[in-house]
Amino acid sequence: MAVVTWDGSEGHGQWAHGANWDSGSAPGASDDVVIPDTSSLPNPELAADVTINSLTLLANATIVGNASYTITCDGEADGTGATTSGYAVHMAGNGTIGTDLNITVTTAATTLVSLVPASGTVKNFTYNASGQGCTGVGATTINGNLTITAGTFQMYNDVALTVTGDVDIATAGTLTGNASAVTVGAISATGSGTYNATTHANGTIINSRHSSLGRGLSMGSVDRLVHNNGKIVFQGASAIQLILINGTATSSVGLYDVEINSTAAADCKLTGPIDIYRNLTITAGELDTNSSDNHALTVDGDVNIANGGTLTGNASAISMNSLTLGESSAGGTYNATSGTTTITGYRASTNNAIYANGPIVHNNGTFAFTNSANYSGIEIQIESGAGSAGTYFNNLTFSGNSTYRFP
């Protein structure tokens, strides 16, 4: 193993030419590569895939990427020369990288990466080290896709991860958000690939759909999403977001809190039955259960639809603890299922099974109130400005031991 430093002696930027390196040979798989200040040197340029031990950028370094080629780091630096011990890739606010730089880490040990240059962003980053872990240091932006083929890629608690494209987590892979702000285009996990969701207050923000799958969130099964009491926010501005997650959410796995905050003309549609362990909030845009398949929607907690938001039930089975359309101001719209909307409880802060300060369009469906508790103060409250008279209910059924009233 050796530290090999770029010197550009040949007068051009060809990475593969040995004369451009202080060792006289282009670096190989066992070499720790250092790119120094290139202000007065040719900038190294990739013209083929390369495999090295580690990569370090120093201040004022520039490396030119190529969308067709990848730098693979299969080890980590030991701190000799100008390298930083324990890092497979170390940028740490140094240097400039081209936006076509692709990096893969296959280090067969726990390692660190800093993908944070002074200027530019990594295009695509891949982690592939079975049974190992890689930690991202510093607020990280990937201007393409993040692929976790094997091993666990995680972020430090106080930094952000932004992926403008797809996050693909393969069967042997895990993405762990800790308490970092996580914003992605889409997340897909196949087989037993896992997303350990962030606990950050903003939740996991999904703002697009997968380039090939057409879904914002696609999990092999419900237990592949460890929610950590975090929320998933769908807030696309132009693309349809399709949600697919199979199974019943619990206190530890699946969807916990979900927020729809979309300004897209074509909003979120379900591509499978959805179970939400806690609450569903529609701040803006529409959540549609999909009239082609009428997927079931189950919300163990409360549904809150703000002004500008819509929930469309089609003919799906819909179940929720309570329904609120607006609170201190006008609310959104519930286009009820033509089947049955089941209300299983009431909102603890208001005692309302339904509070409507926005329209309910019954679509000739049934509202079934099924709270089995012996409670006498549950209210079904329709505000005077909520919509046209007669649009709220078609059939009402009550079961259980509770008493309801219309205030």
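Placed above this text is the structure.
Residues numbered from 1 in each chain as written. Predicted model: local features only at pLDDT ≥ 70, side-chain atom pairs only at ≥ 80, totals over all residues. Heavy atoms only, no water.

Undergrad: In this structure, what is going on with the overall build of the protein? I would like to understand it.
TA: Scanning the protein from terminus to terminus reveals zero helices and 36 strands. Counting only C-alpha atoms, the protein reaches 85 × 35 × 35 Å along its principal axes. With 407 residues in all, the protein has 51% of them scored as buried. Contacts in the protein between residues at least 24 apart in sequence constitute 50% of all its contacts with a sequence separation of at least 6. (Helix = DSSP H or I, 4+ residues; strand = E, 2+ residues; numbered from the N terminus. Buried < 20%, exposed > 50% of the residue type's maximum accessible area, 1.4 Å probe, protein only. Contact = heavy atoms within 4.5 Å.)

Undergrad: So what exactly am I meant to see when it comes to the packing of aromatic side chains here?
TA: Both the distance between ring centres and the angle between the ring planes are used here to describe each pair of aromatic rings. Under the definition given, this model contains 10 aromatic pairs. A centroid spacing of 5.2 Å and a plane angle of 50° characterise the contact between Phe398 and Tyr404, whose relative ring orientation is tilted. Residue Phe398 is classed as partly exposed on the basis of its relative accessible area, which comes to 43%. Here Tyr404 falls in the buried class, since its relative accessible area comes to 14%. An aromatic cluster is present here, built from Trp6, Trp15 and Trp21 joined pairwise through their rings. (Phe/Tyr/Trp six-rings, centres within 6.5 Å; stacked < 30°, edge-to-face > 60°.)

Undergrad: Would you explain unusual backbone geometry in this entry?
TA: Phi is mostly negative for residues that are not glycine, and the peptide bonds are mostly trans. With a phi angle near 60°, Asn229 is a residue other than glycine that sits in the positive phi range. Mapped onto the secondary structure, Asn229 falls in the loop between β19 (225-226) and β20 (231-234). Despite not being glycine, Asn364 shows a phi value in the positive range, around 65°. As for its placement among the helices and strands, Asn364 is situated in the loop between β32 (360-361) and β33 (366-369).

Undergrad: Please clarify how a nonpolar patch on the surface should be interpreted in this entry.
TA: Taken together, the side chains of Leu396, Phe398 and Phe406 make up a nonpolar region of the molecular surface, amounting to roughly 290 Å² of accessible area. Positionally, Leu396 belongs in strand β35 (residues 395-398). (Patch = residues over 30% accessible without salt bridge, like charges linked within 9 Å, V, L, I, M, F, W, Y side chains within 5 Å. Areas by Shrake-Rupley, 256 points an atom, 1.4 Å probe, with all protein chains shown as cover. Salt bridge = Lys/Arg side-chain N within 4 Å of Asp/Glu carboxyl O.)

Undergrad: Is there a simple way to think about empty space enclosed by the protein in this case?
TA: Summary: where empty space remains is shown by rolling a probe the size of a single water molecule over the atoms. Considering all chains together, one arrives at one cavity of 30 Å³ or more under this definition. A volume near 40 Å³ is recorded for the largest cavity. Lining the largest cavity, in full, are Ile243, Val258, Leu270, Ile274, Ile276, Leu280, Leu287 and Leu297. Of all the elements in the fold, those that place two or more residues in the lining of the largest cavity are β24 (274-276) and β25 (280-288). (1 Å grid on protein atoms, 1.4 Å probe; cavity = no way out; pocket = protein on both sides within 12 Å on 5 of 7 lines; lining within 4 Å. Points joined across faces, edges and corners; volume = space filled by probe spheres on them.)

Undergrad: What should I look at first to understand the pairing of strand β15 (residues 182-189) in this one?
TA: With respect to burial, β15 is a largely interior element, seven of its eight residues being buried. The pairing of strand β14 (residues 161-176) with β15 spans seven bridges and is parallel. Opposite Asp168, over in β15, you have Ser188 as the bridge partner. Of the pairings in the sheet, the one linking β15 to strand β17 (residues 204-206) comprises three bridges and is parallel in character. Looking at the pairing, Thr183 lines up with Ile205 of β17. Pairing of β15 with strand β18 (residues 217-219) involves three bridges; the strand directions are parallel. The residue bridging Ala189 from the neighbouring strand is Met219, located in β18. (Pairing = 2+ DSSP bridges.)

Undergrad: What is the right way to look at the pattern of salt bridges in this model?
TA: Opposite charge on two side chains lets them pair, provided their charged atoms get close. This structure, assessed with the given rule, holds five salt bridges. Between Glu259 and Lys231 there is a salt bridge whose closest N-O contact spans 3.3 Å. Linking Glu259 in strand β22 (residues 257-261) with Lys231 in strand β20, this pair joins segments that are 28 residues apart in sequence. Accessibility expressed as a relative area gives 27% for Lys231, which makes it partly exposed. As a salt-bridge pair, Glu327 and Arg347 come within 3.1 Å of each other at their nearest N and O atoms. Taken together, the residues Glu327 in the loop between β28 (318-325) and β29 (333-335) and Arg347 in the loop between β30 (340-343) and β31 (352-356) connect sequence positions 20 residues apart. For Glu327, a relative accessible area of 43% translates into the label partly exposed. On the basis of relative accessibility, which here comes to 16%, the residue Arg347 falls in the buried class.

Undergrad: I keep staring at the pairing of β22 and nothing clicks. Help me out?
TA: Remark: a regular strand shows side chains that alternate across the two faces of the sheet. The element β22 is largely enclosed, with a buried count of four among its five residues. In this structure, β20 lies alongside β22, joined through four bridges in parallel fashion. Paired with Phe234 across the bridge in β22 is Ile260. Pairing geometry for β22 and β25, over four bridges, is parallel. Counterpart to Glu259 in the pairing with β25 is Thr281.

Undergrad: Looking at this structure, how should I read the environment of Asn207?
TA: Relative to the helices and strands, Asn207 is located in the loop between β17 and β18. Taking the C-alpha atoms as reference points, Asn207 and Ser218, 11 residues apart in sequence, are found 14 Å from one another. Setting aside chain neighbours within four positions, we find Asn207 in contact with Thr183, Val184, Gly185, Gln235, Gly236, Ala237 and Gln241.

Undergrad: Explain the state of the cysteines here, please?
TA: Simply put, the disulfide is a covalent bond whose two ends are the sulfur atoms of two cysteines. This model, assessed by the stated rule, comprises zero disulfides. You can see Cys134 has no disulfide; the closest cysteine sulfur is in Cys73, sitting 10 Å from it. (Disulfide = S-S within 2.5 Å.)

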